[in-house]
Amino acid sequence: MKILVARIPEEGSHYNGDVPGEILQLEDDRFVRNPGDVKYSLYAQRVSDELIVRGSLEVELDLGCARCSEFFSTRVTVSDFLRAYSAPEGTDSVDITEDLREEILLHVPGFAVCSEECKGVCPQCGTDLNTGSCACKTEEGSGAWSALDGLNL
Ligand SMILES: [Zn+2]
Ligand SMILES: [Zn+2]
């Protein structure tokens, strides 16, 4: 996304719209995918030789659950986007695409779960415990305890 510096009036300009989710370059990301359009609501103003851009960003995308690995849809919002660009007299435009990408990726949670109740997968056999159950012993220690019970008898 380019901001045409020369057209910004002294009081600044508002920019509302969206850019395709492809700018996030998630093709090789294993945990984040299917981004929708990145919505932006920005305000740009020239202050001496700089262009100050601030505002908020929002995008819907799919995240891999840290417990069960299933992808779930969520929304990432950035409420405090703020960047300053060098824009001396004669600057035609400033491209902020890379900063939009960087800021969104910074706000993607590193440990996301599809729901607080997600049971995850069985660490032994890999069964998704949200959709089924397995015959594995649920606790490592249970076998030892039952052996002690046996001694008491
Ligand atoms: Zn999950
Ligand atoms: Zn199991």
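These notes cover the structure that comes with them. (Residues numbered from 1 in each chain as written. Chains lettered and ligands numbered in written order. Predicted model: local features only at pLDDT ≥ 70, side-chain atom pairs only at ≥ 80, totals over all residues.)

### Overview of the overall build of the protein chain
Our working rule: A run of H or I in DSSP becomes a helix once it reaches four residues, and a run of E becomes a strand once it reaches two; helices and strands are each numbered from the N terminus. Counting other C-beta atoms within 10 Å of its own, a residue is labelled buried from 20 upward, exposed at 12 or fewer, and partly exposed in the gap between, with every C-beta atom placed from the backbone. Two residues qualify as being in contact provided that their C-beta atoms, derived from the backbone, are within 7 Å of each other.
Broken down by element type, the protein chain carries 2 helices and 7 strands. When the elements of the protein chain are put in sequence order from the N terminus, they spell out β-β-β-β-β-β-β-α-α. The buried share of the protein chain, reckoned over its 153 residues, is 14%. When contacts within the protein chain are restricted to residue pairs at least 6 apart in sequence, those whose partners lie at least 24 apart make up 59%.

### Here we look at the nonpolar core
Worth spelling out the cut-off: In this usage, the nonpolar core is the set of buried Ala, Val, Leu, Ile, Met, Phe, Trp, Tyr and Cys residues whose C-beta atoms join them within 7 Å.
Counting residues in each nonpolar core, the largest one holds 19 residues, and the members touching the most others are Val38, Leu57, Val59, Leu100 and Ile104. With 6 residues, the top contributor of residues to this core is strand β5 (residues 50-64). Ignoring any residue separated from it by four or fewer positions in sequence, one finds Ile104 in contact with Leu24, Val38, Leu57, Val59, Val76 and Val78.

### With respect to the pairing of strand β4 (residues 38-47)
We count it as follows: Each pair of strands is called paired provided DSSP finds at least two bridges between the two strands.
Note: strand β2 (residues 13-19) against β4, 7 bridges, orientation antiparallel. Paired with Val19 across the two strands is Val38, which belongs to β4. Sheet topology note: the β4/β5 ladder contains 9 bridges and is antiparallel. Directly across from Gln45, in β5, lies its bridge partner Ile52. Connecting β4 to the antiparallel partner β5 that follows it, the hairpin turn spans 2 residues, and Ser48 within it adopts a positive phi of roughly 45°.

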